[in-house]
Amino acid sequence: MIETAQAFGIDIGGSGIKGAPVDLNIGDIAEPRQKILTPEVSTPDAVGKVVKEMLDRFAVPDSMPVGIAFPAPIRPGKPLNFMANLDKSWLGIDVQKALSESVGRHVDVVNDADAAGLAEVQFGAAKGEKGFVIATTLGTGIGSAMIYNGVLIPNSELGHVTLKGDDAEHYAAASVRERENLGYKKWAKRLTKYYRMLETYFNPDLFVVGGGVSRMSDRFIPLIEIETPIVPAQLRNQAGIVGAAYHAMIHEG
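These figures come from a predicted structure and were not determined experimentally.

Rules behind the numbers
- Residues numbered from 1 in each chain as written.
- Predicted model: local features only at pLDDT ≥ 70, side-chain atom pairs only at ≥ 80, totals over all residues.
- Heavy atoms only, no water.
- Helix = DSSP H or I, 4+ residues; strand = E, 2+ residues; numbered from the N terminus.
- Contact = heavy atoms within 4.5 Å.
- Pairing = 2+ DSSP bridges.
- Axes fitted to C-alpha atoms, helices over the stretch in contact; angles between N-to-C directions.
- Patch = residues over 30% accessible without salt bridge, like charges linked within 9 Å, V, L, I, M, F, W, Y side chains within 5 Å.
- Areas by Shrake-Rupley, 256 points an atom, 1.4 Å probe, with all protein chains shown as cover.
- Salt bridge = Lys/Arg side-chain N within 4 Å of Asp/Glu carboxyl O.
- Lys, Arg positive; Asp, Glu negative; His and termini not counted.
- Charge placed at Lys NZ, Arg CZ, Asp CG, Glu CD.
- Buried < 20%, exposed > 50% of the residue type's maximum accessible area, 1.4 Å probe, protein only.
- Parallel < 35°, antiparallel > 145°, perpendicular 65-115°, else oblique.
- Left-handed = near helix turned anticlockwise from the far one by under 90°.
- Nonpolar A, V, L, I, M, F, W, Y, C, P; charged D, E, K, R; others polar.

A.B. asks: Would you take a moment to explain the side chain of Thr 192 for this structure?
C.D. replies: Following the sequence through the fold, Thr 192 ends up in helix α6 (residues 184-202). Discounting residues that sit within four places of it in the chain, Thr 192 has contacts with Leu 223, Ile 224, Glu 225 and Ile 226.

Below is the structure:
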């Protein structure tokens, strides 16, 4: 393990599990990340074996905090009640306990969108921002993280607020733009409706827009007509790993 890392981050996704040591002084990975394909049958046992393999590859010492970004709402000590992108056998499982037992050491687990949002507040587009920040990820669905004065309000699911009679993510996610072959201007009109609704509900001080589309932010963010400042995410594919590592560090012990 490289000496400049203070924590290790793992980002579990439906297709791949990525991991790297993280230098929390700069908010970036300290070594090139590695990726292992998510098991085709992604049960707790199968995913736990991959997480252990990742830790073994990097020879992560027992003294180093390990954070895991996970694609579901996480309530430590309580069973999982929703799962979209991994095997349904996760339902009813205490994720943090199960993964800790699989690897033979304590790991800290946080929702993946929350991890990405934390990373942006601590090290990225919202660094130094006081007040209420809502970070959203536009992808297959819409993920969200709510942070107030640097403190995470966990497990928000703002992609599931109702818009046009359905979940907002079914109307405005990046996957919808691709599926319906929407131009950026038409998509931005949908995003305007979505973010205006969040403005009405929450009155945030800043929106951060992440997900793979953040690299094309100049094509649509300027077209979103809202009062609240809205900026693209900066950490992109590193955000889940960095945010998970940061969450583990601040919750150590």
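From this point, things continue past the structure.
A.B. asks: Just checking my understanding: could you explain the sheet that holds strand β12 (residues 206-210) for this structure?
C.D. replies: Within a beta sheet, neighbouring strands are joined by backbone hydrogen bonds and run either parallel or antiparallel to one another. A sheet is described by the order of its strands in space; here 5 strands give the open sequence β9-β8-β7-β12-β13, paired in mixed fashion. Since the sheet does not close on itself, it has two edges, and those belong to β9 (151-153) and β13 (230-232), each with one partner. Across the sheet, the mean angle separating the axes of adjacent strands is 25° when strand polarity is ignored. Judged from the 5 bridges that link them, strand β7 (residues 132-138) and β12 form a sheet pairing that is parallel. Counterpart to Thr 136 in the pairing with β12 is Val 209. Where helix α3 (residues 112-123) meets the sheet, it contacts β7, β8 (142-148), β9 and β12, and its direction lies at approximately 50° from that of β8. Of the strands in this sheet, β7, β8, β12 and β13 touch α6, which is tilted by about 150° from β7.

A.B. asks: Help me understand a positive patch on the surface, please; the structure alone is not making it clear to me.
C.D. replies: A surface patch of positive charge is lined by Lys 164, Lys 185, Lys 186, Lys 189 and Lys 193. Examined against the element boundaries, Lys 186 turns out to sit in helix α6. Overall, the relative accessible area of 57% leaves Lys 186 in the exposed class.

A.B. asks: Can you walk me through the packing of helix α1 (residues 44-57) against helix α2 (residues 95-103) in this structure?
C.D. replies: If you want to describe how two helices pack, look at the angle between their axes and the distance between the axes. Where α1 meets α2, the closest approach of the two axes is 8 Å, and the angle between their N-to-C directions is 55°. With respect to each other, α1 and α2 are oriented oblique. Where α1 crosses over α2, the two elements pack in a sense that is right-handed. Seen from α1, the contacting residues are Pro 44, Val 47, Gly 48, Val 51, Lys 52 and Leu 55; seen from α2, they are Leu 99, Ser 102 and Val 103. Class assignment for the residues of the contact of α1 with α2 results in 6 nonpolar, 2 polar and 1 charged.

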